[in-house]
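Results of the structural survey
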Amino acid sequence: MAFSQFFVRSLIALVGMGLFFPGPARAADLSDDSVSILAGNCVNCHGPNGLSLGAIPTIRGLNEEQLRSRLMAFREGRAAGVTVMTRLMKGYDADQIAALAKWFARGETP
Amino acid sequence: MTGVSRRRILGSLAAGSVALAAPSIVRAGAGSARVVIVGGGFGGATAARYLKLGAPQLQVTLIEPAKRFYTCPFSNLYLAGLRSWESIGHGYDGLRGVGIELVHAQAEDVDTRLRTVRLSTGQTLGWDRLVLSPGVDMRWNALEGYDEAASLLAPHAWKAGPQTQLLRRQMEAMEDGGSFVMVIPENPFRCPPGPYERAAMLAHYFSRHNPRAKILLLDAKDNFSKKGLFQQGWKALYGDMIEWVGLTDDGLVTRVDAKALEVQTAFGQVHKASVLNVIPPQKAGFIAERAGVVDASGWVPVKAESFETQRVAGIYALGDATIAAPMPKSAFAANTQAKLAAAAIVAELTGRVPPVASYANTCYSLLAPGYGISVAGVYRAEQGGIAEVPGSGGVSPANADAAFRAAEAAYGESWYAAISADIWGR
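Residues numbered from 1 in each chain as written. Chains lettered and ligands numbered in written order. Predicted model: local features only at pLDDT ≥ 70, side-chain atom pairs only at ≥ 80, totals over all residues. Heavy atoms only, no water.

1. Digging into the overall build of chain B
Cut-off, in case you're wondering: Helical segments are the DSSP runs of H or I of at least four residues, strand segments are the runs of E of at least two, and each set is numbered from the N terminus. Radius of gyration: C-alpha atoms only; globule rule: 2.2 Å multiplied by the number of residues to the exponent 0.38. In this scheme, a residue with accessible area under 20% of its type's maximum is buried, one over 50% is exposed, and one in between is partly exposed, where area comes from a 1.4 Å probe on protein chains only. Every residue pair with non-hydrogen atoms within 4.5 Å of one another is taken to be in contact. Only the protein chains shown count as cover for residues, and the accessible areas themselves come from Shrake-Rupley with a 1.4 Å probe. Positive charge is attributed to Lys and Arg, negative charge to Asp and Glu, and no charge count is given to His or to the chain ends. Charged groups are reduced to one reference atom each: NZ for lysine, CZ for arginine, CG for aspartic acid, CD for glutamic acid.
Counting its regular elements, chain B contains eleven helices and 25 strands. Computed over the C-alpha atoms, the radius of gyration of chain B is 22 Å, within 12% of the 22 Å expected from 2.2 N^0.38 for a compact globule of 426 residues. Along the first, second and third principal axes, the C-alpha atoms of chain B reach 75 × 45 × 40 Å. The 426 residues of chain B split such that 58% are buried. Sequence-distant contacts, at least 24 apart, represent 64% of the contacts inside chain B between residues at least 6 apart. Carbon and sulfur atoms form 53% of the exposed surface of chain B, whose accessible area is close to 16000 Å². Here chain B contributes 41 positively and 37 negatively charged side chains, and the mean placements of these two sets differ by 8 Å.

2. Focus on the nonpolar core
Residues and elements named next belong to chain B. For the record, the criterion: As used in this record, nonpolar core signifies buried Ala, Val, Leu, Ile, Met, Phe, Trp, Tyr and Cys residues forming a set joined through side-chain atoms within 4.5 Å.
Residues Phe 180, Phe 206, Leu 217, Trp 234 and Trp 415 are the most contacted members of the largest nonpolar core, which totals 152 residues. By residue number, the principal contributor to this core is helix α10 (residues 331-350), which donates eleven residues. Residue contacts for Phe 180: discarding those within four places in its chain leaves Leu 167, Met 171, Met 174, Leu 202, Phe 206, Lys 214, Ile 215, Leu 216, Val 275 and Asn 277. Residues Val 181, Leu 218, Val 253 and Val 278 belong to the second largest nonpolar core, which totals 17 residues.

3. Concerning the sheet that holds strand β12 (residues 214-219) of chain B
Residue and element names in this part refer to chain B. Our working definition: Any two strands with at least two DSSP bridges between them are considered paired. Helix axes are fitted only over the stretch in contact, all axes being lines through C-alpha atoms; the angle between N-to-C directions runs from 0 to 180 degrees.
Taken in spatial order, the four strands of this open sheet run β13-β12-β11-β17, and their pairing is parallel. Strand pairing shows two members of the sheet lacking a second neighbour, β13 (242-245) and β17 (275-278), which therefore form its edges. The mean angle between the axes of side-by-side strands here comes to 15 degrees, regardless of whether they run parallel or antiparallel. Examined bridge by bridge, strand β11 (residues 179-184) and β17 share four bridges and lie parallel to one another. Along β17, the bridge assignment pairs Val 181 with Leu 276. Running over the sheet, helix α6 (residues 162-173) touches β11 and β17 and is turned about 155 degrees from β17.

4. Structural notes on the packing of helix α7 (residues 194-209) of chain B against helix α8 (residues 227-238) of chain B
Residues and elements named next belong to chain B. The condition that has to hold: Here roughly perpendicular refers to angles of 65 to 115 degrees, roughly parallel to angles under 35, roughly antiparallel to angles over 145, and oblique to all remaining angles. Ten residues, namely Ala, Val, Leu, Ile, Met, Phe, Trp, Tyr, Cys and Pro, are considered nonpolar, four, namely Asp, Glu, Lys and Arg, are considered charged, and the remaining ones, Gly among them, are considered polar.
It is the contact of α7 with α8, at a shortest axis distance of 11 Å, that shows an interaxial angle of 0 degrees. With respect to each other, α7 and α8 are oriented roughly parallel. Each of Tyr 196, Glu 197, Ala 199, Ala 200, Ala 203, His 204 and Ser 207 in α7 lies in contact with α8, whose residues at this interface are Phe 230, Trp 234 and Tyr 238. Looking at the contact of α7 with α8 residue by residue, the class counts come to seven nonpolar, two polar and one charged.

5. Let's talk about the interface of chain A and chain B
We apply this condition: Summed over both partners, the accessible area lost on bringing two parts together, with a 1.4 Å probe, is the buried area. By convention in these notes, a salt bridge is any Lys or Arg side-chain nitrogen within 4 Å of a carboxyl oxygen on Asp or Glu. Here a polar contact is recorded for every N or O atom pair within 3.5 Å, except that within protein the pair must consist of a potential hydrogen donor and a potential acceptor, and residues adjacent in sequence are included only if both atoms are side-chain atoms.
Counting residues at the interface gives 26 residues for chain A and 44 residues for chain B. Between chain A and chain B lies a buried interface of about 2600 Å² when both sides are counted; carbon and sulfur atoms form 62% of it. It is Ile37(A), Asn44(A) and Arg87(A) that lose the most area in chain A upon contact with chain B, and together they represent 27% of the buried surface on that side. Seen at the junction of chain A and chain B, the total is two salt bridges. Arg87(A) serves as the salt-bridge partner of Glu408(B), at 3.5 Å between the closest nitrogen and oxygen. The interface formed by chain A and chain B contains twelve residue pairs in polar contact (both at pLDDT 80 or more). Within the residue set of the side of chain A that touches chain B, elements represented by two or more residues are α2 (32-46) and α4 (85-89) of chain A. With nine residues, α2(A) is the single largest residue contributor to the side of chain A that touches chain B.

6. With respect to the pattern of salt bridges
Residues and elements named next belong to chain B. Summed over the entire model, instances satisfying the criterion amount to 19 salt bridges over all chains. The salt bridge partner of Asp 176 is Arg 212, with a shortest N-O separation of 2.9 Å. Here Asp 176 is found in the loop between α6 and β11, whereas its partner Arg 212 is found in the loop between α7 and β12, with 36 residues between them in sequence. Given a relative accessible area of 53%, Asp 176 falls into the exposed group. A salt bridge links Arg 190 to Asp 320, with the nearest nitrogen and oxygen atoms 2.6 Å apart. Taken together, the residues Arg 190 in the loop between β11 and α7 and Asp 320 in the loop between β20 (315-317) and β21 (322-323) connect sequence positions 130 residues apart. An identical accessibility class is assigned to Arg 190 and Asp 320; each is buried.

7. Some remarks on unusual backbone geometry
Residues and elements named next belong to chain B. Residue Asn 187 is joined to Pro 188 through a cis peptide bond whose omega torsion reads -5 degrees. By the element assignment, Pro 188 lies in the loop between β11 and α7. Residue Pro 326 is bonded to the preceding Ala 325 through a cis peptide linkage, with omega at 15 degrees. In this structure, Leu 261 is a non-glycine residue whose phi angle is positive, near 55 degrees. As for its position among the elements, Leu 261 is in the loop between β14 (253-257) and β15 (262-265).

Honestly, that's just the spatial picture; any functional story needs more than this.
Right, dumping it as structure tokens:
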């Protein structure tokens, strides 16, 4: 009984968020420290705290949903005029990408 | 808990009672612990900054002989005349400014029982965690005839510094129509695409200053990083100036005569050079050996989830010195390894849950101004070690147009500015 209640609640929550993707990392598993590590991979091109110092785009302070959609488009090979980002974003699942979008949209720092 | 009793706890740590003392650190908080880092390059300097970011009360000491660190990334652009020497140098004021203690000395020995490191100044420092990011050392004489004295005649220029400047002077002085010979080692070695980017940057220089010059690459292997892209770019940009000879075609050099500027291959062919650049086989920087963390290969095996060494608990290793394949020995890789190790150390010292490991790499190579290519990958810890996330990574497309190559050239420059600022603060 307890299990099935939990299952139904979880399913409702996941469907409600539109976030039901297979993958090893669930959003709930992504601690702030773990997201900070993922973000650390981004900033050594996109600049400290996501503020670029050159031709690579700044990602800090972008609209969260726009950034998430853009990263998902990279991941799925749907974005035009892309160099390295498709190759990189294929290494992250939808939950990780959503967490990164939130991180940079909020202007988080490590 | 008072400062005095904290120090007493650290004293007991230094005496080697690791199992008893570790929980005490958790109770005392990270503020009472000291992390010593050896090596102020891409791995070590990143670790120092991110340890301090993660736990401001932590005592972080960075040991690095150089007061100004010159980077191997972009040193090929210096050779080409596209970057000034000082533009690839970085000081440590930015790290000092965030509270990191800098000690400009050579780390000479590690006592893993007492948990100390001895410096060239005679000073001995105690540590609760030690991070080794010593880069590579050359295996002198692994290639017959190539030792440190030979490197003053036939530079490797595989550590940015006087060797790089010596090679540049030799390029400038090379006779008209001379032959530049580069000897390239078997894997693993620092910066897998580096020799091939260097070939392009040499060709860029010679095409302006010595257009009849030839560049001969003698390689100990048949395949190399971004091979198709390099060969395509060399041809398109420089015609026949660059000739690459792989293992199968007698590219393996087995003997070097630095005085005569001659090399001999496995099948006995002798090549005479006007300028000879020998990139020899390498191993982890010697302090890793002193700490007892290297294996028979000469490199440091590490735990995939933390970069703690497999051989000695409490000692972490980063970057080119480690066995981290399929991650390459690159600056970007060392930077992401350092961020993970710093977070793992802070988590351990403060009793927090360690973060899930994630690493990445992107290496840009410049073939000419406005012509760049890249290789990328995303990695994670699995049971058997580090693994590339399936489906991720790869190299730039072979059929890309000029705009694509120009974008990657600009992104390479943007990357260098970003990672330098991320580490040294500018």
